[in-house]
Amino acid sequence: MGAINDTSIKTKMLFGVVSVMFTLGMLLIYVGYHEVSDAIAKQYADTAFRTARTALTFIDADRLNDYDDNVNDAATVELAEAWQILADTQEATFIYAIQPNIAKGYYEIRFVISIMNKDSTYDHFKSGYVRATSNNEYRAAYKNLYESRSQQEMIVRDNGVSSTGDHITVMLPIKNSVGDVKGILCVQRQMDDLKTTRQFYLKHMLIATLGLLILMLIIQGNHLKINLLHPLEVLSGGVHEIISGNLNKKINIKTGDELEHLAIAFNAMTAELQTYMKNLTDAVAEKERIATELSVAKDIQRGMLPHDFDFGRNDFEIFATMNAAKMVGGDFYDFYLLDENHLAITVADVSGKGIPASLFMVTSKTVLKNFATFATAPDDYAAVLSCANNQLCKGNEEMMFVTVFFGVLEIDTGRFTFVNGGHNPPVIYHSADNSCEFLNVKKNFVLGGMEDVPYVQQEITLEHGDLIFAYTDGVNEAMNENHEEYTSERLLKFMNGTDCRADLKDLLAAVKADVAEHVGGAEQSDDITMMALRRN
């Protein structure tokens, strides 16, 4: 981290200030422009209306149709001279009286008499001259005056597009002695200096605004440097030291604003960070110690499960795997020869996971094997589970339990005696018709849940090539990212669709792969244990 980029921050801040001020300046210029324009236009309108009212006093409305500058009668000459003086002294460009053609919808006007300013370059219209009305705005004005909707009208042309230049035209009704409108008196006055005045206003307002912006930039720039940029440099330097590892650094900023509060917050943060770092160091050391102990526990647990699947015999095959959901788990499997003709197998699932489950797993595995090995009635395996259950219930304050599938294969005859303690029913493969089904098991109670529970022993015969596939619920209840279970039905369907005559290691790997395909990217939710036993 380097020092604060003064130019960048200053530019951004000043740009914001300038943008606001420029916008406000342009708004004021716009409003002022229209106010000045309206004020000047009003002055022109007031003067034009005064001129029109004065001109109206010279005309005899009852003789309006008698005026004719083509013959220059005395009345016409007198009116023309009076209007000429008025036009020249009041700077009126054009004074004229007209009579709109009402029958034609005011689309035509007839000039009664007209006078041009002596400095005007335009020719006036002779009496009786008929001309088409300029546009709808003029027609509307004529109609309003003739129908007495208004007593005066005004039309302004100040957009620079009129052929006669910027001008204002005011209109008054010419009424006879009984009050009927007989014509319209119009006074047109040029507004040539309006454009000059507007340009003068815009020029000086822009210069004033630019000067004010420059002044504000200088003032605001110095203010930002003193009150913002310098404190930010101090703050940045302090943060850089803290990031570099100096947690004893204290940032000293006395601005009385948010920057000072930010500095105080950083100082408090460094103090809390020091405490946190100490606690984190202790926590990491403790976590490493626990991880080491868990790793040792995992090795011990793995070492307790049998991994030598080669008995040096070809009359049966056996293979098993266990994958814990955590570093240590509660599932286990076991197999051992009771004598040369009897092979005992166990697949079990302890409630819960982690260290408690692994401890109960060790106890369960040891108790089951002890009672099976030293049973006084070799064929009474229900008694083995009953005794093991009572032993596990003693001192079981945590109310843990274990589901167990326990079976003994009489190798020479194929008789398979089994007891199920609340466990998933295994899959049995029949080599005769190359099919799989779930083993029909009694729903006995779990071990460790309640003392003196009776267990029922069952028996089947495994023919040569038949296979028992036992597993824990980590297989059928494996969930994907949509919380959908793998299900026992899918397991049985897969077993019927795969080659159950294959090597047992390959068979278990195939089942695991199908489960993994279903689970996808979801985290393993339970321990997964599988065992396959085949009679050859």
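Note that this is a predicted model, so its numbers are computed, not measured.

Caption draft 1: Representation of the state of the cysteines in the model. Scanning the entire structure with this criterion turns up 0 disulfides. C500 provides the cysteine sulfur closest to C436, a residue in no disulfide bond, and the two sulfurs are 3.6 Å apart.

Caption draft 2: Representation of a nonpolar patch on the surface within the structure. Together, L210, L212, I214, L215, I218 and I219 give the surface a local cluster of nonpolar side chains, amounting to about 560 Å² of exposed area. One can find I219 in helix α4 (residues 192-243).

Caption draft 3: Layout of helix α2 (residues 74-89). The end-to-end C-alpha distance of α2 is 23 Å, a good match for the 22 Å that 16 residues give at a rise of 1.5 Å each. Within α2 the residues assigned to the buried category are T76, L79, A80, A82, W83, L86 and A87. Here the buried residues of α2 occupy an arc of 165° about the axis, which is enough to place them on one side. Turned more than 90 degrees away from the buried face of α2 sit A74, E78, E81, I85 and T89, all of them exposed. Within two residues after α2, E91 carries a phi angle of roughly 60°, on the positive side.

Caption draft 4: Summary view of the nonpolar core. Residues I345, V402, F406, F416 and L447 are the most contacted members of the largest nonpolar core, which totals 49 residues. Ignoring anything within four residues of it in the chain, the contact list for L447 reads L368, L385, A388, N389, L392, F401, V402, V404, G421 and Y455. Counting residues in hydrophobic clusters, the runner-up holds 29 residues, among them I40, L64, I113 and I174.

Caption draft 5: Representation of the sheet that holds strand β10 (residues 402-410) in the model. Strand order in this open sheet of 5 strands is β8-β9-β10-β11-β14, and the pairing throughout is antiparallel. Edge positions in the sheet fall to β8 (331-339) and β14 (457-461), since each of these pairs with one other strand and no more. Taken pair by pair, the neighbouring strands of this sheet meet at an average axis angle of 20°, ignoring direction. Relative to strand β11 (residues 415-421), helix α7 (residues 381-393) is tilted by about 25°, and along the sheet it contacts β8, β9 (342-350), β10, β11 and β14.

Caption draft 6: Region of the structure containing the environment of G354. Along the polypeptide, G354 turns up in helix α6 (residues 354-373). Separated by 173 residues in sequence, G354 and D527 have C-alpha atoms that sit 9.9 Å apart.

Caption draft 7: Region of the structure containing the sheet that holds strand β5 (residues 167-175). The strand order across the open sheet built from 6 strands is β3-β2-β1-β6-β5-β4, with neighbouring strands paired in antiparallel fashion. Since the sheet does not close on itself, it has two edges, and those belong to β3 (130-132) and β4 (153-157), each with one partner. Each adjacent strand pair in this sheet contributes to an overall mean axis angle of 30°, direction not counted. One ladder, built from 9 bridges, connects β5 with strand β6 (residues 181-190); its direction is antiparallel. Counterpart to H167 in the pairing with β6 is Q190.

Reading guide: rules and limits
Residues numbered from 1 in each chain as written. Predicted model: local features only at pLDDT ≥ 70, side-chain atom pairs only at ≥ 80, totals over all residues. Heavy atoms only, no water. Disulfide = S-S within 2.5 Å. Patch = residues over 30% accessible without salt bridge, like charges linked within 9 Å, V, L, I, M, F, W, Y side chains within 5 Å. Areas by Shrake-Rupley, 256 points an atom, 1.4 Å probe, with all protein chains shown as cover. Salt bridge = Lys/Arg side-chain N within 4 Å of Asp/Glu carboxyl O. Helix = DSSP H or I, 4+ residues; strand = E, 2+ residues; numbered from the N terminus. Expected span 1.5 Å × (residues − 1). Buried < 20%, exposed > 50% of the residue type's maximum accessible area, 1.4 Å probe, protein only. Arc of directions from axis to C-beta. Core = buried A, V, L, I, M, F, W, Y, C linked by side-chain atoms within 4.5 Å. Contact = heavy atoms within 4.5 Å. Pairing = 2+ DSSP bridges. Axes fitted to C-alpha atoms, helices over the stretch in contact; angles between N-to-C directions.

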